[in-house]
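Chain residues, written in single-letter form:
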Amino acid sequence: MFNGNWHQIIWKMEGPMLITLKFRKGVMPKNFRFRLFPILSFAILLFECHTIFGQQKVVVLDPGHGGKDSGAIGLNGIQEKDVVMRIANAILTLNDELDIPLDIYLTRYSDTLISLSDRTKLAKSLNVDLFVSLHCNHSDNSNSRGIEVFVADMKSKYSFNSTWLAFQLQVAINEKLGFESRGVKFANFQVLRETVDYLPSVLLELGFLSNEDEGGYIKRKENQKKISILILDYLKSIK
Ligand SMILES: [Zn+2]
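Notes on the structure in this doc start here. This one's a predicted model, so the numbers in the text were calculated from it and none came from an experiment. (Residues numbered from 1 in each chain as written. Predicted model: local features only at pLDDT ≥ 70, side-chain atom pairs only at ≥ 80, totals over all residues.)

## Regarding helix H6 (residues 212-219)
Part 1 of the reasoning: Residues of H6 that are buried: Glu 214, Gly 215 and Ile 218. With its buried residues spanning 100 degrees around the axis, H6 presents them on a single face.
Part 2 of the reasoning: Each element contacted by the buried residues of H6 is listed here: helix H2 (80-96), strand S5 (130-137), strand S8 (201-208) and helix H7 (221-237). (Buried ≥ 20, exposed ≤ 12 C-beta atoms within 10 Å, placed from the backbone. Helix = DSSP H or I, 4+ residues; strand = E, 2+ residues; numbered from the N terminus. Arc of directions from axis to C-beta. Contact = placed C-beta atoms within 7 Å.)

The following block contains the structure:
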């Protein structure tokens, strides 16, 4: 999806003026608009180019597992791979509705198994502000509950930022969803290990599917949308 080819957009204004713009694939604005009025059009164009090339945040969301790897399976039969895929897709849909959407990429867009190294390769190929691997938790103890956010246990120039972003994410979910917070933890997970030297990265364990309350909550479509909204709000807020 990001192979360095060029999209070509021909932007036509009233009169004889013709402007040709080129955007790399993957950074083409999703809300690019054609306008009738040249001055207004040009102002909007400049603004949108600024958001693309200047400030707009680039995020890679990594819905864990997929295909034959279902991840955790809840008491109610719900599968982790499906929950995180639905949440990631809902975030994309909500993002597309924004006036100025973030530049969000997924490591998978359907129920397929992607290797962990391919997931991190995508993130490393982009100038990413944050990589978020999405997971749900599981425990043999059905009383275990709450959210955990992991960062790599290795030191790099991104360690502090990753830890701060992880802290903010668990606070946001704790405050807005009411899930208990199990805190920010450090681990040697592959997706974190392979990104730690290149970009800020976190891994979110979004509640326990093995817990009746949390598994029941996460299974419901309207709650998945709530989770998507708050994750997108969080992504919009990161500096
Ligand atoms: Zn998982």
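Okay, back to it.
## So, the packing of H2 against H7
Part 1 of the reasoning: Taken N-terminus to C-terminus, the directions of H2 and H7 make an angle of 55 degrees; their axes are 9 Å apart at the nearest point. With respect to their mutual orientation, H2 and H7 come out oblique. Handedness of the H2/H7 crossing: right-handed. Between H2 and H7, the residues in contact are Val 83, Arg 86, Ile 87, Ala 90, Ile 91, Leu 94 and Asn 95 and Gln 224, Lys 225, Ile 227, Ser 228, Ile 229, Ile 231 and Leu 232, respectively.
Part 2 of the reasoning: By residue class, the composition of the contact of H2 with H7 is 9 nonpolar, 3 polar and 2 charged. (Axes fitted to C-alpha atoms, helices over the stretch in contact; angles between N-to-C directions. Parallel < 35°, antiparallel > 145°, perpendicular 65-115°, else oblique. Left-handed = near helix turned anticlockwise from the far one by under 90°. Nonpolar A, V, L, I, M, F, W, Y, C, P; charged D, E, K, R; others polar.)

## Re the nonpolar core
Part 1 of the reasoning: Among the nonpolar cores identified, the biggest contains 48 residues, and Val 59, Leu 61 and Val 202 are the most heavily contacted of them.
Part 2 of the reasoning: Tallying contributions element by element places H2 first for this core, with 6 residues.
Part 3 of the reasoning: Apart from residues no more than four positions distant in its own chain, Leu 61 is found in contact with Ala 88, Ile 91, Ile 104, Leu 106, Val 132 and Leu 134. (Core = buried A, V, L, I, M, F, W, Y, C linked by C-beta atoms within 7 Å.)

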